[in-house]
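Per-entry structural report
Now for the letters of each chain:
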Amino acid sequence: MSKQIGILTAGGDSPGLNAAMRGLGKAAIRTHGMTVIGFRDGFRGLMQNRFIRLESSELSGILTTGGTLLGTSRDKPHKMDVGGKTLDMTDLMLENIAAHQLDALVCIGGGGTAKNAMHLAEKGVPVLTLPKTIDNDLVHTDTTLGFDTAMGIATEAIDRLHSTAHSHHRIVVVEVMGHNTGWIALGAGLAGGGDVILIPEIPYQTHVIADAVLERRASGSSFSIVVISEGAVSQEIAAARDRAKIEKKSEDSDVKAKAKETLSRIEEDSESHTATLSKDLEARTGLESRVTILGHVQRGGTPSPADRLLATRLGTACADFIAAGESGVMVAMQNGECVPVPLDQVAGNRKTVPLDHPWLLTARNLKISLGEDQAT
Ligand code: F6P
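A quick note: this is a predicted structure, and the numbers were derived from the prediction, not measured. Just so you know, the residues in each chain are numbered from 1, in the order the chain's sequence is written. The predicted origin of the model limits local features to residues at a pLDDT of at least 70 and limits the giving and counting of side-chain atom pairs to 80 or more, whereas totals for whole chains, interfaces and linings rest on all residues. Computation of side-chain values covers all heavy atoms of the structure but excludes hydrogens and water.

In what follows, salt bridge is the name for a side-chain nitrogen of Lys or Arg lying within 4 Å of a carboxyl oxygen of Asp or Glu. If you walk through the whole model with that rule in mind, you get 9 salt bridges. A salt bridge links R299 to D13; its shortest N-O distance comes to 2.9 Å. Of the two residues, R299 is situated in the loop between β11 (289–293) and α11 (305–323) and D13 in the loop between β1 (4–9) and α1 (17–31); the sequence distance between them amounts to 286 residues. One salt bridge in this structure joins R53 and E55, with 3.8 Å as the shortest N-O distance. The cut-offs for exposure are 20% and 50% of the maximum accessible area for each residue type, with area from a 1.4 Å probe on protein chains only; residues under the lower value are buried, those over the upper are exposed, and the others partly exposed. The class for E55 is partly exposed, based on a relative accessible area of 35%. When salt bridges that share partners are traced, they join R170, E288 and R290 into one network. The numbering of helices and of strands both runs from the N terminus, where a helix is a DSSP run of H or I of at least 4 residues and a strand a run of E of at least 2.

Another point: the site of the ligand. R74, I134, D135, M177, G178, H179, E230, H296 and R299 make up every residue found near the ligand. N or O atoms closer than or at 3.5 Å make up a polar contact, with two conditions inside protein: a donor-capable atom paired with an acceptor-capable one, and, for residues adjacent in sequence, both atoms drawn from side chains. Here an oxygen atom of the ligand sits 2.7 Å away from a polar atom, N or O, in the side chain of D135. Here E230 contributes a side-chain N or O atom positioned 2.6 Å from an oxygen atom of the ligand. Protein chains shield 70% of the accessible area of the ligand, which is 400 Å² for the free molecule. Lining residues are those with an atom within 4 Å of a point, where the points come from a 1 Å grid over the protein atoms alone and group into cavities, where a 1.4 Å probe fits but cannot get out, or pockets, open sets with protein on both sides within 12 Å along at least five of seven lines. Molecule-in-pocket calls rest on the fraction of atoms, with more than half required to lie within 2 Å of the cavity or pocket grid points. More than half of the atoms of the ligand fall within 2 Å of the grid points belonging to the largest pocket. Neighbouring residues are identified by heavy atoms, a residue being near a molecule or strand if any of them is within 4 Å of it. Calculation of accessible area relied on Shrake-Rupley with a 1.4 Å probe; when residues are assessed, cover is drawn exclusively from the protein chains displayed.

With that out of the way, let us pick up unusual backbone geometry. When glycine is set aside, most residues are seen to have a negative phi, and most peptide bonds are trans. Here the phi dihedral of D41 falls at roughly 55°; this positive angle occurs in a residue that is not glycine. Summarising the element assignment, D41 is placed in the loop between β2 (35–39) and α2 (43–48). Phi at N335 takes a positive value of approximately 50°, unusual for a residue other than glycine. Of note, N335 is situated in the loop between β12 (329–334) and β13 (337–342). On the basis of relative accessible area, N335 is assigned to the exposed category, the value being 73%.

Mapped onto the fold, S229 is located in strand β10 (residues 224–229). Of the residues examined, S229 reaches a relative accessible area of 0% and is grouped as buried. Contact definition: two residues touch when any of their heavy atoms are within 4.5 Å. Those residues in contact with S229 that lie beyond four places of it in its chain are V176, M177, H179, T181, G182, A185, L198, I199, P200 and H273.

All right, on to the environment of L120 then. By secondary structure assignment, the location of L120 is in helix α4 (residues 111–122). Along the chain, L120 and V226 lie 106 residues apart, while their C-alpha atoms are 42 Å from each other. Those residues in contact with L120 that lie beyond four places of it in its chain are F43, L46, T90, L94, L105 and V125.

This paragraph deals with the sheet that holds strand β6 (residues 104–109). Hydrogen bonding along the main chain pairs the strands of a sheet, whether they run parallel or antiparallel. Spatially, the 7 strands line up as an open sheet ordered β3-β2-β1-β6-β7-β12-β13, and their pairing is mixed. Each having just a single partner strand, β3 (51–53) and β13 make up the two edges of the open sheet. Between one strand axis and the next, the sheet turns by 30° as a mean value, whatever way the strands run. Bridging between β6 and strand β7 (residues 127–131) involves 5 bridges; their strand directions are parallel. Directly across from G109, in β7, lies its bridge partner P131. Note on definitions: angles span 0 to 180 degrees between N-to-C directions of axes, and those axes are lines fitted to C-alpha atoms, for helices only across the stretch in contact. α1 rests against β1, β2, β6 and β7 of the sheet, and its axis sits at about 180° to β1. Where α11 meets the sheet, it contacts β1, β6, β7, β12 and β13, and its direction lies at approximately 135° from that of β12. Should DSSP find at least two bridges between two strands, the strands are taken to pair.

Aromatic pairing here means that ring centres of Phe, Tyr or Trp (its six-membered ring) are within 6.5 Å. Orientation follows from the plane angle: under 30 degrees is stacked, over 60 is edge-to-face, and everything else is tilted. Under the definition given, this model contains 2 aromatic pairs. Across from the ring centre of F223, 5.1 Å away, lies the NZ or CZ of R216, which sits over that ring. Only when the NZ of Lys or the CZ of Arg is both within 6 Å of the ring centre and within 35 degrees of the ring normal is a charge said to sit over the ring.

Membership of the largest hydrophobic core comes to 33 residues, with the highest contact counts inside it found for I108, I322 and V331. Counting only elements with at least two residues in this core, the list comes to β1, α1, β6, β7, α11 and β12. Broken down by element, this core gets its largest block of residues, 8 residues, from α11. Setting aside residues up to four positions removed in sequence, V331 forms contacts with L128, T129, L130, P131, L314, A317, C318, F321, C338 and V339. Among buried residues, the Ala, Val, Leu, Ile, Met, Phe, Trp, Tyr and Cys ones that are joined through side-chain atoms within 4.5 Å form a nonpolar core. Counting residues in each nonpolar core, the second largest holds 30 residues, with V172, L186, A363 and L370 among its members.

Following this line, the structure appears as structure tokens:
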């Protein structure tokens, strides 16, 4: 009997989702004779049994399109907002999966999706995931769907900011996404020739950045491009955050409450930290500074050729793994091969930029400032 598979896309969207569904669906239908359905809006659609049948015709013409034809959401099966209440809706999802007689559920998403998929796997669902996030922060895969495109968009923005920064002899601070990792900032910063690159893995010192800008000016470069990851913080904030994280585990309820307050204040302030850095740099250097926050533009539009290829390879490989009876895995890209990685090795782990990563060594060789005090 032919296998039935369900697909959903969850978490933040990213370029390459449609290409992945096309690769998976077409290989499933054409090579393995499977039947494919897609649930709308992530785990919420699975809970509400909102689905569409995906035939070859639905999967045609979407290789190059951005977003996700199914829609997405950040809903979690066990913590779903239903009518203003947070409820565990796992059982309803299990019923829907059983009603469709699914032989496999493929969840295309990032770190949160891996955890949610793991939760369903523990309930006996034959689940597989495909690694998707512009942040590139999933472990056990060389790269993730959307990262290359986002890095390309950020690089193009940095290229364009160069000419205007140069004309006005300004500092331009450009904030890129990446959540708590610096992959986009570091990759685009290097590819776009950023003068300072700030990533969450290396808390910065503002005076070091100001010195780097002034040194550039003294050596004849009247402008500077500072590329900052949205999750990057100063050394003082990083220290306060680390302290609060420890104190949050305290037995003393006052200490605990204060720590929680500190953490939420840091979280709130993080929304304006790029603007604060820009103002501080103006004050320290006497130079004009401007902020550009790229935001969701990094997630929009057509996927790069590298992402289309990655999506097509991971998607088709996923169909092969389902046909072979594999489940409880993320289909990862490792050294040019698509390999199944047990979900419990992926869920709950985050791939940060290692401090000895070759991209960091390259930046240091170029004397790009990473905002770190060389003396400490
Ligand atoms: O995980 C992808 C990502 O784009 C992060 O880089 C960013 O922090 C977050 O999602 C933004 O989420 P939302 O789309 O919910 O604003």
